[in-house]
Every structure is written in structure tokens, then in C-alpha cells.
Amino acid sequence: MEVKTSLLDNMIGVGDMVLLEPLSEDTFLENLKNRFDHNEIYTYIGSVVISINPYRSLPIYTPEKVEEYRNRNFYELSPHIYALADEAYRSLRDQDKDQCILITGESGAGKTEASKLVMSYVAAVCGKGQEVNKVKEQLLQSNPVLEAFGNAKTVRNDNSSRFGKYMDIEFDFKGDPLGGVISNYLLEKSRVVKQPRGERNFHIFYQLLSGASDDTMKKLKLDRDFSKYNYLSLDSAVVSGLDDAANFRTVRNAMQIVGFMEDEMLSVLELVAAVLKLGNIEFKPESRCNGIDESRVKDKNDLKEMCELLGTEQSVLERAFSYRTVEAKMEKVSTTLNVAQAYYARDALAKNLYSRLFSWLITRINESIRAQAKTRHKVMGVLDIYGFEIFEDNSFEQFIINYCNEKLQQIFIELTLREEQEEYVREGIEWTNIEYFNNAIICDLIENNQNGILAMLDEECLRPGTVTDETFLDKLNTICAEHQHFESRLSKSSKFLTDHSLPHNCFRIQHYAGKVLYRVEGFVDKNNDLLYRDLSQAMYKANHSLIKQLFPEGNPAKVNLKRPPTAGFQFKASVGTLMSNLQTKNPNYIRCVKPNDKKASHIFTDSLVRHQVHYLGLMENVRVRRAGYAFRQAYEPCLERYKMLCKKTWPHWRGPAREGVEVLLTDLQVPTEEFAYGRSKIFIRNPRTLFFLEEKRKRCLEDLATLIQKIYRGWKCRSQFLLLKKSQIVVAAWYRRYAQQKKYQKIKRATTVVQSYARGWQARKLLRELKYQKKCEQAVTTISAYWHGTQARMELRRLKQEVRNKHAVTVIWAYWQGTKARRELRRLKEEARRKHAVAVIWAYWQGLKVRREYRKFFRANAGKKIYNFTIQRIMQKYFLDLKRNMPSMSPIDKSWPARPYLFLEGVHTELKRIFHLWRCKKYRSQFTEDKKAVYEEKLKASELFKDKKALYPSSVSQPFKGDYLEISKNPKYQKLNNAVDEKVLLADVVNKINRANGKGSPRLLLLTRRSVILADQKTGQVKASVPLADLASVSVSTQMDGFFALKLKEGSASAVKGDFLLSSDHLIEIITKLHRISASAAEREPINVDISDEFLVQFKHDKVCVKFIQGSPKNGNSASCKRKNNRLLEVSVPTSP
Ligand SMILES: Nc1ncnc2c1ncn2[C@@H]1O[C@H](COP(=O)(O)OP(=O)(O)OP(=O)(O)O)[C@@H](O)[C@H]1O
Ligand SMILES: [Mg+2]
């Protein structure tokens, strides 16, 4: 809910002076002071804003403040300049009324600041957008530029406006700014050449010297030292709190935003520099022979630099400072200027240069900010004119300034009273006229066309003959003497004859703001504002675009002999235009008051403020406002504010607002003389009545607050209860839902289980049926597969038989073909051999024939001899070397000297072979017959067993002894020896293996050339004698054992008893000898020696397999034989060490 506030809320003192009770000058001042002390610098008199300069920055211009005042009624919030700006802007936008903001007050009262605040507020609240923002920015940024060129430090104000400014801001129908037009009023140009004590020249001079870059300074030929320039006063060149360098940057930036080109900015600065240079030009007198004084430029350096800056010819300007040409009726008269006149001419040029530059700046800014659209605009004018001034020494400028202020005061008086009067008439309220001081009489004294001071001055200036300031004063003394606001020592009115405060060369005017003493000196000159034509022509000739524009009258083609209008005349005219312009607009007043003369914050000098209150007519203003009624308000807001005071109007009044207010006031028993009903407003005569209403309202509001509180609490409790009730229902509903959901889910699960069982049973039944069906199908398939298989195999057999038959035929055919081919091959080979033999014999025969035939042609051939000799020598050497390097005679020595020549390859190898054979022969020839036989046996053993039987390597080193029993010598074997009629080649003890248990029983084994004999070891009785012819083969294992089987030929006589399985330590020797003997017999094949780990032995009727396995060492080092079953004897042989 929007909180409605009022300026009456939290008020310090009285926000609107109309409500001041009792009203007197003292209470008025007291109220102002009270508010000022509490930082309330704004106070209203009705719709007029009094603004007291705080001389310090207050936090009341923030964007939040702008928002606070935006679209609020004037009296809604505490007094503020923003409230006035908002009121003006809204009536412009909503009611289509052109507005003007008139800001008045004496110098330093804060007019310029107030105008800037109004502009910034309007800029903040009006429309937004890229184009609109640019316009706003340009309008705002025109201020720093104009302040730099048009403001200066004075004794009253560090930033005193030295020109009057009126700015029309133009808006479209929506209230968006379109542009603006600035008008300026009479720049105080005398300041350019001379400043009063404690004051400065225009800011721009100091800003330029302090803030310009070194580059710019060089371009402008300037020096930063202020003391180098005559036109700059030094005693207050530096102002505390004023940063000239920073301000220069701000100005440049502002010029850029407003739309100045870079070269335009430079041109402007060149002119400023030229003015400074101009001030430094000095003159010296020079007497001519005709006795007339002339002047010459003293030091031409400054003149030269200035001419360079402006692009003028030095000689032309120099001449313009020395001569003056007067043209009259086609006649030109040239007169020389003396030193004083030269200085006058120089200063006149400087002033004109600067003031014209200033006017050009305003024209240029206007070009940039002028609204483009040609539609009708709404206009808000802001007037910030120089304030009323009373200096010690007041001249023509002060006269003009104060005249302007008089005019503004008059318009204030007129418009304020008229507005007030009109309102009463409009509202149908009875009105009695109020007395107030009307300054029209003073305005008349100055501006009257017949006998006004300005008219007198113009008359004097235009008059032929000698015209001086004194003659002007004389004239005034005669014409204005009777005027009650004019005072002069020499006037006819004798009352001032003895007034010593009034010097002879002065006159005094009683302005509305006080008496001001004007010194007439300079009035005529300043009003004439003459610039010698030579100078304006010299300027026109300058090669500088800007200068040419500033001095158009210097154009010789447009020589105008008419005098230009005087300064006073121009000013009066422009003020007249301004006044009529203002009268067409709705005025809004800001009355600025200066609290002290020290530019200090927190000081409120009563006398000074009292004086201002007095001359500004503020008391009259309040009185006029109160003479009728102190307070007025439209019916609607009034009823809205006080309706709670009456039961009939509270809380709603359902009729016209006026009737509501009537009912309200009657109900409150307000005396009828205290108020009057206007057409749209209620008028309250006495502030007391208003305060009574306010007091009642305040109390009523408290009661209402309690009531509201009560209702609110009740409502809150009920809402809370309803909420709880609603919540309980919601919770219950949710719980029930939850419980039902649970129950439902349980049933659903049970259903699913039952369903699944039933479905399972059905499915299984179906499955069984399907399986049976499938099995039947499979059986059919199997039977048919078997049937087809039988069929296929039969077919296959048939096909195979066919193929086999075919193959047999092919093989027989191939053998037959092979036999044929081999026969053919043999035949062909035989044939080839014969052919070869024939060819060889033929070749030999041919060779022989050829040799015989050709021998006679060759004599003894030396070459061949040499060749033979060389070959012989080589051979000789080769053989000698060979002899020297012969290898040893050992047959196992493999070394042989290297071959010296490639052609000896065959010989060398052959020799090696021959030598080896010879060496072996030699070696063999050493052996005896016996030894030879032994070696032959060893060799045989090697052939039979090497790499075949593991026992062999251990037998190599054992000599074959043959007769181990020494049978012929041992008497024990006498009988046995006798029984054997042949020579025993070997006699040894062997073990005969019993097939029943595999155990061995010792036997004597004898070997002769014809048979193998086995005899009892103890008795020597022959057990078996096997002729060698009956032996088919001998079987041995591959291992370390000494077992061997003598296998008999099937069908032989010896075979009846079966084969012999024996074992011996001299197995290798026995078998070798057996083999040699059998081999030496011519009629027989040698006995086969089978070496295998598994062989069959025929024992009588059975064949038993003897198997050799690798045994473990537990059997000891000898092999052991075990019978495994009827058909198997297992010999386990320990692994070789
Ligand atoms: N509202 C304000 N808040 C803070 N300081 C202010 C305010 N108004 C004025 N001042 C101070 O007072 C000084 C003078 O104000 P300003 O230049 O507006 O006076 P003026 O009435 O325009 O004088 P003049 O007639 O000489 O131009 C300002 O430079 C500023 O320091
Ligand atoms: Mg100002």
C-alpha cells in the first residue's frame, strides 16, 4: 500500500511560510534559520521555492531523491527544488502548458546551481532512449562550456555568472526533450581587460594555461606563468577549491559532446590565446615633426605571435593601432592615435574579440542542440541571470545587471499577484486587494523611452558635439532630478547637496533591492561600444576562419556608415523580448537567498538575509498569499486526507467530493468564517484550522491504527485457524489415500500369485503335450535317418569296391608301364654309353692324328719348357714346404698344411688322402696278428653296438680276453675241455634265466667255430650244444644290462628245447665274437643282432615277451628280472650312472 505523506509530516519549523503563525519578519527569519540549521535549505511560500545557499554539498540530490519526488504532488513531500521541477515538468507534459523557471537572487545566492539542478532533474525524469539521451547530454554539457567562458571569480562568488542566460528546453508531446535554444544577455566584457581587486578574469584563461597539454601550449605560443600576461590579475589567480586544469579537461570533453570539431576547438583556443597576447602589446610615444604625438608598438614580439595565431598581417594590425580612419560622406580622414588612444584601441579589440567569441560559442551550441523537428514544441525556459549587484565601484555593467533584476522582480510581482487574484476569481472567492511595493516606477526610471536613463544615455551618445560622461550626468541631473528613486549631488533637488556619501561624478538609484551608487565614468564609451573600423577591417583580413566570421562589419564591400545600436539599447530590447516571452509561460519561482557574505557553510547572517527577504518582497508574497486564504486544496485530496475524522465520510464517501468536504467540516464544527468553498478547492483561512485538522487526523490515525491492528489480528488468527483446518483435511485425505493404496497393492499382489500358479499349471500341461509331439517327430526322423544310413552305406560299399577294382587295374598297369620304362631306360643308357665310347675313341683318334700331323710344324718349344720349368719349381717348393710342415703320424691327427696355389687343389687334397692312408697303413703294420684280430673284434663290436646299446661305451676300454676260465689250464674244466673237440674261442660264466621265476642260474658258456656250448658250472657237464647254423639271431636290449637271448631257427634240431635267455658281464664280447664267427663261415649268413627293449623268446611251446624297463636304484647296480605273468618277463635295469 502506498504511504501518503505530506509536507506537514515530520516538519522542521514550517515548510510553507504561508502557514507561519504568527507572521512577522522575525518569525519569518526565525523559521528560515531554524530550517537552515537543520539542513532544510528549501522552504515554500505557496508554490514559490525559497532556496538558501548551503555553501556545501548536501546529500539531497541523489538518484533516490529524484525517484522520491518523481510524479508526486507538490505538497506531498518536504520542500525541494525537485518538487518545483517535477510540478513544472508534469504540467508541461500533461496540461500542455509552457513553463518558465525564474531563478532570482543576488550574486552568489545559488541561481546557477539551482538552474543546473532543475535541468538535471528534468533530464532524469523525462523519456529515455539513445537519441533522447544524446540530446539530454548535449543540453547538460552546454553548461560547463558557457561557465568556462562566461563565469569568473568575483568578490561575491567564485563562480559568478558574468552574462545572463535563458535556455528554452523543447519537448515533444510525450515529454521527451528534442533540443534547446540558449539566449545570452550582455557579457561583462570589461572584465577581459581589467578586473577589480580580488577578482579574476574569465575562467577559461586560467584553465587554458593550467590544463592545456604542452603540445597545445606550444602551438598557441603560450607560457603557463600567469604573471606573463597583463590581462590576468595575479592577486587571486588561484582560487581554493577550483581545479583549473581538471576543469579544462571537463570543458574540452563537454565541447566534444556538444559537437565541436577538433579544429573548431583549436580556433576557439587560438582566439583566447590571441586575447592574452593582445594584452601584452605595449605602446610608446613618438613625436612627429608636426608636433602631433604618435604611438608605436614597443616590443613587437607579442604582436608578431598574435598575428601568427590569427593569421593577420603584422603591418596591417600595427597600422590599425597607430591610425584611425574616419569616413564621412565618401570622404576618408586618417588621424594618428596617441598612446592612450592606442591602448584604448587595443582593449576595445580585446573586449570585442572575446565577447564576439562568446556570442559565437552560443550560436554554435545552439546549432548543435536546436530541435530538428519542425512540429510544435512544448517549452520549458530556465532563466539564470546575473544577480543583483552592489559593489564599491559600480559602473555601466552593474547598472545593466541591476536593471535586468528590476525587470525580473517586476514580473515576479505581477505574475504572483495576478495568479493569486485570478485563482480567487476563478474559484469564485471574494478578494480584497493587498498593498505591496511595485517596482514598476524604478523600471520606468531606467527604461522610459522619453526620459529614462537609458534613453538619456543613447541621446547623449548620438548627439553631435563633445560628449562626455559628465555631460551625460548633467543631463540626468536635469531630467531625472524629480524622480523619487533617483539621487544625485548635482541634481536640482537640493536635499542631496550635502550628502557626502554621494560623490559628484556619481548618481544613485534606489533599487527594489537597495540603493546603488553608480560612477558615470565609462558609461558613454561602454554604451557606444565602438571598435575603430581599421581594427575590424584588420581582423576581417585575417587568414583565420573564425575571426572573419566575428568581424563581418570589417568587410570593405559592406561598409555601413550607420552607427551600430548602443549596448544599452540592445540590452533593453533583449530584456523586453525576454519579458514578453516569460509572460506567455506559466512561471515557477525559485528565490535564492544568500545566508552570509563569507561563502561559508553553517553561517546564517540575520541582517543579510533580512535585507534579501525585504527586497525580494518575500513578506509581501506571504501576506498576499495569506490575505485570502492560507491554505487551499482540491476537494478530492482534502477529503482523502481528512475523511477519517467523520463517520459519514469514513471509510467511503459515495457522493461528490465537495459535498463530502462540506459534511466533514460541518461534522467537525469548524466555524464557517474559517473556510470558503471554491469551485474546485476548499480554502482555509487560518493555519490554526489546518493544524486543528492535522492534530485531529493524527489522533484519529492512531485509533484507526489500533482498529486496523485489531482487525488484522482477528483476521490473522482466523486465517491461521482456517489454514490449520484445511491442512487437517488435506492430511486426512492423504492418509486415507495412502491406506487404500496399500490395501489395493496387497490384493493386487495376491491376485498376481494366484494368477501365476494357474498360468504355470496351464503352461506345464501345454509343454508336456508339445514335448510328446516333438518326440514323435524326432522318432520319425531317427528311423528315416537309419534307413537312409543303411541305404547310403550299401551304396558306399559298392562304390568303394568299384574304386578298389579300378585302383588295382591302375596299379598293375603302372607296374607294367614301369617295367617297360626301365627296360627302355636301360636300353637307352647302353646306347648312350656306346655312343660316348665311340665319341671318345673318335676324339682320341682325331687327337692322335692331329698331333702326328702337326708335330712337324712345331720345333722344340721354349715356352713350354719355361712353363714346365716354372711348374716344376713351384712343385718343388710346394713339396719341400709340405715336407717341412708334415703333420704327425697319428691317424687321428686331422691337421694338414694350407694349399698354396689354387691349381694345386686337386693334388693337395689327393696328397692329404694318400698321406693319411699311408699313415694308417704304417700304423696298422705295427700290429701283430693277434692284436689285429683283437682290433678287428673291437671294430666289429663298435659296428654292432655303438650308439645302439648303452652298455657299449663301458666295454670299449675292456680288452676282449676270450678264455676267462683258462679252460685248458684249469684242471677243473679238464673234462669239459676234452668234451669239446674244437678250439674254444671264448669261455665264460653266464647266467641262464629261468622262465618260471626270472632268476638266473650260472652256466659255463663256450664258443667254438661251430657251436655254442652251455655246461654246468660245477660239474662241467655239457647241458646244451647248439650249432651256430641253428642260431637265427641274438636279441639284446638297448640298455646297460647284460641280458641276451639266443634265438634258434624254427625247425632246427636245437629248437626243440627252445631259445636261451642268458645274462653275462661280457655281453658285448660274446655277441661280437658270435657274429664274427658266423660271418666268417662261407656257407652261412651272419647271425642277426636285434637290439630292442622288447623281444619274444620261444620257451619250448610258449612265446614269452621280455621287456626292459628303467628300474630304480634299490635293485642295486645289477639288472633284475621278474616274471610278471605267463607271457611277460620284466627286466628292470638301473639307470646308467
Ligand atoms: N544547492 C547548493 N548546494 C551546494 N552548494 C551550493 C548550492 N547552491 C550554491 N552553492 C554554492 O554557492 C556557489 C555560488 O552559487 P551560484 O554560482 O549558483 O550563484 P549565483 O546565484 O549564480 O551567482 P551569480 O549571480 O554570481 O552568478 C556555488 O559555486 C556553490 O559552491
Ligand atoms: Mg550564476
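Residues numbered from 1 in each chain as written. Chains lettered and ligands numbered in written order. Predicted model: local features only at pLDDT ≥ 70, side-chain atom pairs only at ≥ 80, totals over all residues. Heavy atoms only, no water.

*Asks:* Would you mind showing me how to read the side chain of N405 here?
*Replies:* Tracing the sequence through the fold places N405 in helix α14 (residues 396-427). Setting aside residues up to four positions removed in sequence, N405 forms contacts with G105, I385, Y386, G387, F388 and Y512. (Helix = DSSP H or I, 4+ residues; strand = E, 2+ residues; numbered from the N terminus. Contact = heavy atoms within 4.5 Å.)

*Asks:* Before we go on, may I ask you to explain the UniProt feature "binding site: ATP" (unreviewed entry) in the protein chain in this structure?
*Replies:* Feature annotation in UniProt places "binding site: ATP" (unreviewed entry) on G105, E106, S107, G108, A109, G110, K111 and T112, given in this structure's numbering. In this fold, K111 is placed in helix α4 (residues 111-125). Since its relative accessible area comes to 6%, K111 is described here as buried. Setting aside residues up to four positions removed in sequence, K111 forms contacts with I103, T104, G105, E106, D384, I385, Y386, G387 and C592. Side-chain polar atoms of K111 contact the backbone oxygen of E106, separated by 3.0 Å. Inspection of the secondary structure puts T112 in helix α4. Overall, the relative accessible area of 14% leaves T112 in the buried class. For T112, the contacting residues outside a window of four places in its chain are E147, S161 and D384. (UniProt positions renumbered as here; feature names shortened; annotations may be inferred. Buried < 20%, exposed > 50% of the residue type's maximum accessible area, 1.4 Å probe, protein only. Polar contact = N/O pair within 3.5 Å; in protein donor to acceptor, adjacent residues only side chain to side chain.)

*Asks:* Please clarify how the side chain of E147 should be interpreted in this entry.
*Replies:* Inspection of the secondary structure assignment puts E147 in helix α5 (residues 130-150). Those residues in contact with E147, other than ones at most four positions away along the chain, are T112, K116, N159 and H203.

*Asks:* Teacher, can you tell me more about the packing of aromatic side chains here?
*Replies:* For any two aromatic rings, the description comes down to two numbers: the centre-to-centre distance and the angle of the planes. Within this structure, the stated rule accounts for 37 aromatic pairs. Judged by centre distance (6.1 Å) and plane angle (75 degrees), the rings of F399 and F507 are edge-to-face. Placement of F399 in helix α14 and of F507 in strand β14 (residues 506-511) is noted, with a sequence separation of 108 residues between them. F399 sits in the buried class, given a relative accessible area of 1%. Relative accessible area serves as the criterion here: at 0%, F507 is assigned to the buried category. In textbook terms, an aromatic cluster arises when at least three aromatic residues are bridged by ring pairs, as seen for F396, F399, F472, F486, F507, Y518 and F523. Here the guanidinium or amino end of R319 rests over the ring plane of Y323, the centre of that ring lying 4.3 Å away. Directly above the aromatic system of F412 lies the positively charged group of R591, at a separation of 3.5 Å from the ring centroid. (Phe/Tyr/Trp six-rings, centres within 6.5 Å; stacked < 30°, edge-to-face > 60°. Lys NZ or Arg CZ within 6 Å of the ring centre and 35° of its normal.)

*Asks:* Sorry if this is basic, but what is going on with a positive patch on the surface here?
*Replies:* Where like charges cluster on the molecular surface, the positive patch consists of K921, K922, R924 and K932. The element best represented in the positive patch is helix α28 (residues 905-925), accounting for three residues. Its location among the elements puts R924 in helix α28. (Patch = residues over 30% accessible without salt bridge, like charges linked within 9 Å, V, L, I, M, F, W, Y side chains within 5 Å. Areas by Shrake-Rupley, 256 points an atom, 1.4 Å probe, with all protein chains shown as cover. Salt bridge = Lys/Arg side-chain N within 4 Å of Asp/Glu carboxyl O. Lys, Arg positive; Asp, Glu negative; His and termini not counted. Charge placed at Lys NZ, Arg CZ, Asp CG, Glu CD.)

*Asks:* What am I meant to see in the nonpolar core here?
*Replies:* Taken as a class, soluble globular proteins show a tendency for nonpolar side chains to be buried jointly. In terms of nonpolar packing, the biggest core is built from 206 residues, with F28, F149, F205 and F507 touching the most fellow members. Of all the elements, helix α13 (residues 339-369) adds the most residues to this core, at 14 residues. When residues of this core are assigned to domains, at least three fall in each of domain 1 (400-527) and domain 2 (632-688). Counting residues in hydrophobic clusters, the runner-up holds 30 residues, among them L951, F960, A1024 and I1070. (Core = buried A, V, L, I, M, F, W, Y, C linked by side-chain atoms within 4.5 Å. Domains from an automatic or database assignment.)

*Asks:* Looking at this structure, how should I read the site of ligand 1?
*Replies:* Neighbouring residues of ligand 1: 18 residues in total, closest N53, S107, K111, T112 and S160. In the complex, 87% of the free accessible area of ligand 1, which totals 630 Å², lies under the protein chains. Those elements that provide at least two residues to the shell around ligand 1 are α4 and β5 (160-161). Among the elements that take part in the shell around ligand 1, α4 stands out by supplying three residues, more than any other. Taken together, the residues of the shell around ligand 1 break down into four nonpolar, ten polar and four charged. (Near = heavy atom within 4 Å. Nonpolar A, V, L, I, M, F, W, Y, C, P; charged D, E, K, R; others polar.)

*Asks:* Which parts of the structure should I look at to understand the domain arrangement of the protein chain?
*Replies:* Many structure descriptions define interface size as the accessible area lost when the parts assemble. Structurally, the protein chain comprises domain 1 (400-527), domain 2 (632-688) and domain 3 (929-1134). A C-alpha centroid distance of 48 Å is found between domain 1 and domain 2. Across the boundary between the two partners, domain 1 contributes eight residues, which contact eight residues of domain 2. Surface buried jointly by domain 1 and domain 2 totals about 620 Å² across both partners, of which 42% is contributed by carbon and sulfur atoms. Applying the counting rule to domain 1 against domain 2 returns two salt bridges. The interface formed by domain 1 and domain 2 includes seven residue pairs in polar contact (both at pLDDT 80 or more). Class assignment of the residues belonging to the side of domain 1 that touches domain 2 gives a composition of three nonpolar, one polar and four charged. (Buried area = accessible area lost by both parts, 1.4 Å probe.)

*Asks:* What am I meant to see in the coordination of the magnesium ion (ligand 2) here?
*Replies:* Each donor-metal-donor angle in an ideal tetrahedron of four donors is 109.5 degrees, and each such angle in an ideal octahedron of six donors is either 90 or 180 degrees. Coordination of the magnesium ion (ligand 2) by the protein involves T112 (OG1) and S161 (OG), with metal-donor separations of 1.9 to 2.1 Å. On the criterion of sequence distance, the pair formed by T112 in helix α4 and S161 in strand β5 is long-range, its members being 49 residues apart. (Donors = N, O, S within 2.8 Å, 3.2 Å for Na, K, Ca; no water.)

*Asks:* Is there a simple way to think about the environment of R591 in this case?
*Replies:* Within the secondary structure layout, R591 lies in strand β16 (residues 586-593). On the basis of relative accessibility, which here comes to 0%, the residue R591 falls in the buried class. Sequence spacing of R591 and A114 is 477 residues, and the spatial spacing of their C-alpha atoms is 9.7 Å. Excluding residues that lie within four positions of it along the chain, R591 makes contacts with V48, V49, I50, S51, T104, Q409, F412, L616 and L618. A polar atom in the side chain of R591 sits 2.8 Å from the side chain of T104. Here the side chain of R591 touches L616 through a polar contact of 2.6 Å, landing on its backbone oxygen.

*Asks:* Looking at this structure, how should I read the sheet that holds strand β3 (residues 99-104)?
*Replies:* Spatially, β1-β2-β16-β3-β12-β6-β7 is the arrangement adopted by the seven strands of the open sheet, whose pairing is mixed. At either end of the open sheet lies a strand with only one pairing partner, and these are β1 (42-45) and β7 (177-185). Taking the axes of each pair of neighbouring strands and ignoring which way they run, one obtains an average angle of 20 degrees across the sheet. Pairing of strand β6 (residues 164-171) with β7 involves eight bridges; the strand directions are antiparallel. Paired with K165 across the strands is N184, a residue of β7. With respect to the sheet, helix α3 (residues 81-95) is in contact with β1, β2 (48-52), β3, β6, β12 (378-384) and β16, its orientation differing from that of β12 by roughly 150 degrees. (Pairing = 2+ DSSP bridges. Axes fitted to C-alpha atoms, helices over the stretch in contact; angles between N-to-C directions.)

*Asks:* Can you walk me through the pairing of strand β31 (residues 1128-1134) in this structure?
*Replies:* Successive side chains on a regular strand alternate, one facing one side of the sheet and the next facing the other. Counting buried residues along β31, seven of its seven residues qualify, which places the element largely inside the surrounding structure. Side chains of β31 alternate between two faces, with L1128, E1130, S1132 and P1134 and L1129, V1131 and V1133 buried alike. As paired elements, strand β29 (residues 1102-1111) and β31 share seven bridges and run parallel to each other. Following the sheet pairing, G1111 is matched in β31 by P1134. The sheet contact formed by strand β30 (residues 1120-1125) and β31 spans five bridges and is antiparallel. Within β31, the position partnered with S1120 by the bridge is S1132.

*Asks:* Explanation requested: the sheet that holds strand β13 (residues 486-488) in the structure shown.
*Replies:* By way of backbone hydrogen bonds, the strands of a sheet pair with one another, either parallel or antiparallel. The strand order across the open sheet formed by three strands is β13-β14-β15, and the pairing between neighbours is antiparallel. Strands with a single pairing partner mark the edges of an open sheet, and in this sheet they are β13 and β15 (514-519). In this sheet, adjacent strand axes meet at a mean angle of 25 degrees when their direction is disregarded. As paired strands, β13 and β14 are joined by three bridges and run antiparallel to one another. Of the residues in β14, the one forming a bridge with F486 is I509.

*Asks:* How should I be thinking about helix α1 (residues 25-37) in this particular structure?
*Replies:* Look at α1: 18 Å from first C-alpha to last across 13 residues, which is about the 18 Å you get at 1.5 Å a residue. Along α1, the residues classified as buried are F28, L29, N31, L32, R35 and F36. Projected down its long axis, α1 carries its buried residues within an arc of 160 degrees, all on one side. Of the surrounding secondary structure, the elements contacted by the buried residues of α1 are β1, β2, α22 (606-615) and α23 (618-628). Looking one or two places after α1, you find N39, whose phi comes out positive at around 65 degrees. (Expected span 1.5 Å × (residues − 1). Arc of directions from axis to C-beta.)

*Asks:* It is not clear to me how the packing of α1 against α22 should be interpreted in this structure. Could you clarify?
*Replies:* Each packed pair of helices is defined by two parameters, the angle between the axes and the distance between the axes. Where α1 contacts α22, the two axes come as close as 11 Å, and the packing angle between them is 115 degrees. α22 is crossed by α1, and the crossing has right-handed handedness. Every residue of α22 that contacts α1 at E25, D26, F28, L29, L32 and K33 is listed here: D606, V609, R610, V613 and H614. Here the contact of α1 with α22 is composed, by residue class, of five nonpolar, one polar and five charged. (Left-handed = near helix turned anticlockwise from the far one by under 90°.)

*Asks:* Please clarify how the environment of S115 should be interpreted in this entry.
*Replies:* In this structure, S115 sits in helix α4. In this structure, S115 is in contact with I103, V382 and D384, ignoring residues within four places of it in sequence. Here T112 takes part through its backbone oxygen, which lies 2.7 Å from a polar atom of the side chain of S115.

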